[in-house]
Amino acid sequence: MWQPDGWGRTRIGVLTPHADVVPEAEFNALAPDGVSIHAARVPFGGYKPGGTMDPTIAENPVRAFADPPAVDDAAEMLAMAPLHAIVFGFTSSSYVRGAADDAALKSRLEARTRGIPVIIPCAAAVNALAALSVTRVALVSPPWFSAELDQQGVRYFQSQGLEVVCSGPAGLPSDQQAIQTDQLYDWVHSHVPMNAEGVFVGGNGFRAIGVIKALEDSLDRPVLTANQVAFWCALRLSGTRAPVTSYGRIFEFDLPRS
């Protein structure tokens, strides 16, 4: 008699750049029944009116996104809701600032969230690669990442004991709203070398989860994306075992023991 009303027994928050619609869209696509998504927007200096960006994202606003007080205040306000986990939805600041800063950012934000765990996507990616026993990874960056930002991503994963066998910005239109699933599939499929044990597609604003199953089927290797691994980690930290199907092998795994 009653119709679904979107109520979530498990509620996941996401801190997202103010003009970025991709994390919420992909989290909602990933969310199984009983899981709801709740976002807070954080000012990001890389956006122009209408949500457009320069073809190559500048480093200064990327670095500044994780600075207090804006993201800290947004985390505290979002945590006023009865949430079970909160995702910091911004891969590129991890590349610029490094893994040690990720740990400091997590601690700093959790001091404002009243005990609600905060997930940093690159740290979640490292955990996902460990869960999958992947040590040699191919990195794919959004087309708006510079070559240097991409190389900072390489150094990030190398610092975590991983071998990066190839990396580079995807050769696609440098426009968040112009990315098409078939284009991303074709590019990744043709650029991942045989010695890569797995793939990580960085960028929470990079529309990517729609290619995961097709790439895993064709490459016969795990494929991870920034929003997918963050959502996987958020589900596990929330204590829910609700199944997520067709979005990657990682959802068959638990978080590695620390």
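An account of the accompanying structure is given in this report.

Criteria and thresholds
- Residues numbered from 1 in each chain as written.
- Predicted model: local features only at pLDDT ≥ 70, side-chain atom pairs only at ≥ 80, totals over all residues.
- Heavy atoms only, no water.
- Helix = DSSP H or I, 4+ residues; strand = E, 2+ residues; numbered from the N terminus.
- Rg over C-alpha atoms; globule rule 2.2 N^0.38 Å.
- Buried < 20%, exposed > 50% of the residue type's maximum accessible area, 1.4 Å probe, protein only.
- Contact = heavy atoms within 4.5 Å.
- Areas by Shrake-Rupley, 256 points an atom, 1.4 Å probe, with all protein chains shown as cover.
- Expected span 1.5 Å × (residues − 1).
- Phe/Tyr/Trp six-rings, centres within 6.5 Å; stacked < 30°, edge-to-face > 60°.
- Core = buried A, V, L, I, M, F, W, Y, C linked by side-chain atoms within 4.5 Å.
- Arc of directions from axis to C-beta.
- Axes fitted to C-alpha atoms, helices over the stretch in contact; angles between N-to-C directions.
- Parallel < 35°, antiparallel > 145°, perpendicular 65-115°, else oblique.
- Nonpolar A, V, L, I, M, F, W, Y, C, P; charged D, E, K, R; others polar.
- Pairing = 2+ DSSP bridges.
- Right-handed = clockwise from strand over helix to strand, strands pointing away.

1. Some words on the overall build of the chain
Then, in step 1: When its secondary structure is counted, the chain shows 10 helices and eight strands.
Then, in step 2: In terms of C-alpha radius of gyration, the chain reaches 17 Å, essentially the compact-globule figure of 18 Å for 258 residues.
Then, in step 3: The principal-axis extents of the C-alpha atoms in the chain amount to approximately 45 × 40 × 35 Å.
Then, in step 4: Relative to its full complement of 258 residues, the chain shows a buried share of 53%.
Then, in step 5: Counting contacts in the chain only where the partners sit at least 6 residues apart, residues at least 24 apart contribute 76% of the total.
Then, in step 6: With the model as given, the accessible surface of the chain reaches about 11200 Å², and the carbon-plus-sulfur share is 52%.

2. Description of helix H7 (residues 147–158)
Then, in step 1: Along its 12 residues, H7 runs 16 Å from first to last C-alpha, staying within 8% of the 16 Å computed at 1.5 Å per residue.
Then, in step 2: All buried positions along H7 are accounted for by Leu149, Asp150, Gln152, Gly153, Val154, Tyr156 and Phe157.

3. Description of the packing of aromatic side chains
Then, in step 1: For the structure shown, the criterion picks out 12 aromatic pairs.
Then, in step 2: Between the aromatic rings of phenylalanine 44 and tyrosine 47, the centroid separation amounts to 5.5 Å while the plane-to-plane angle is 90°, which identifies the pairing as edge-to-face. You'll find phenylalanine 44 and tyrosine 47 in the same group, each marked buried.
Then, in step 3: Between tryptophan 144 and phenylalanine 206 the ring centres are 5.7 Å apart and the planes differ by 70°, which places this aromatic pair in the edge-to-face class. Taken together, the residues tryptophan 144 in the loop between strand E5 (136–140) and H7 and phenylalanine 206 in the loop between strand E7 (198–201) and helix H9 (212–219) connect sequence positions 62 residues apart. As far as the burial class goes, tryptophan 144 and phenylalanine 206 line up, both buried.

4. Remarks on the nonpolar core
Then, in step 1: Counting 88 residues, the largest nonpolar core has Ile12, Leu15, Phe88, Phe157, Phe200, Phe206 and Phe231 as its most contacted members.
Then, in step 2: For this core, the element with the most residues is helix H10 (residues 226–238), which contributes eight residues.
Then, in step 3: Discounting chain neighbours no more than four positions away, the residues touching isoleucine 12 are Phe27, Val35, Ser36, Ile37, His38, Ala85, Val87, Phe231, Ala234, Leu235 and Ser238.

5. Quick look at the environment of valine 137
Then, in step 1: Turning to its location among the elements, valine 137 is positioned in strand E5.
Then, in step 2: With a relative accessible area of 0%, valine 137 lands in the buried category.
Then, in step 3: As a C-alpha pair, valine 137 and alanine 75 span 62 residues in sequence and 31 Å in three-dimensional space.
Then, in step 4: With sequence-adjacent residues up to four places away left out, valine 137 is seen in contact with Leu129, Glu163, Val164, Val165, Cys166, Gly198, Val199 and Phe200.

6. Structural notes on helix H8 (residues 181–191)
The α-helix winds at 3.6 residues per turn, so residues separated by three or four positions along the chain end up facing the same way.
Then, in step 1: Listed as buried for H8 are Leu184, Trp187 and Val188. An end-on view of H8 places all buried positions within 90° of arc, on one side of the element. Projecting away from the buried face of H8 at angles above 90 degrees are the exposed residues Asp182 and Ser190.
Then, in step 2: On its buried side, H8 packs onto E5, E7 and H9.

7. A word on the packing of helix H6 (residues 121–131) against H10
A pair of packed helices can be characterised by two numbers: the angle between their axes and the separation between those axes.
Then, in step 1: Packing of H6 against H10 leaves a shortest axis separation of 8 Å and a crossing angle of 80°. Of the possible angle classes, the one that applies to H6 and H10 is roughly perpendicular. Within the contact between the two elements, H6 uses Pro121, Ala124, Ala125, Asn127, Ala128 and Ala131 and H10 uses Ala226, Val229, Ala230, Trp232 and Cys233.
Then, in step 2: Taken together, the residues of the contact of H6 with H10 sort by class into 10 nonpolar, one polar and no charged.

8. What to know about the sheet that holds E5
Then, in step 1: Read from one edge to the other, the open sheet built from four strands follows the order E6-E5-E7-E8, with strand pairing classed as parallel. Looking at the sheet topology across the chains shown, the edges are occupied by strand E6 (163–166) and strand E8 (223–225). Along the sheet, successive strands turn relative to each other by an average axial angle of 35°, direction set aside.
Then, in step 2: Two elements, E7 and E8, share three bridges in a ladder whose sense is parallel. Looking at the pairing, valine 199 lines up with valine 223 of E8.

9. Focus: the pairing of E5
Then, in step 1: Burial within E5 is extensive, with four of its five residues counted as buried.
Then, in step 2: The sheet contact formed by E5 and E6 spans three bridges and is parallel. By the bridge assignment for E6, arginine 136 is matched with glutamate 163.
Then, in step 3: Handedness of the crossover is the feature at issue here: the chain leaves E5, passes through H7, returns alongside E6, and the resulting connection is right-handed.
Then, in step 4: As defined by bridge partners, E5 adjoins E7 across four bridges and the pair is classed as parallel. Within E7, the position partnered with alanine 138 by the bridge is valine 199.

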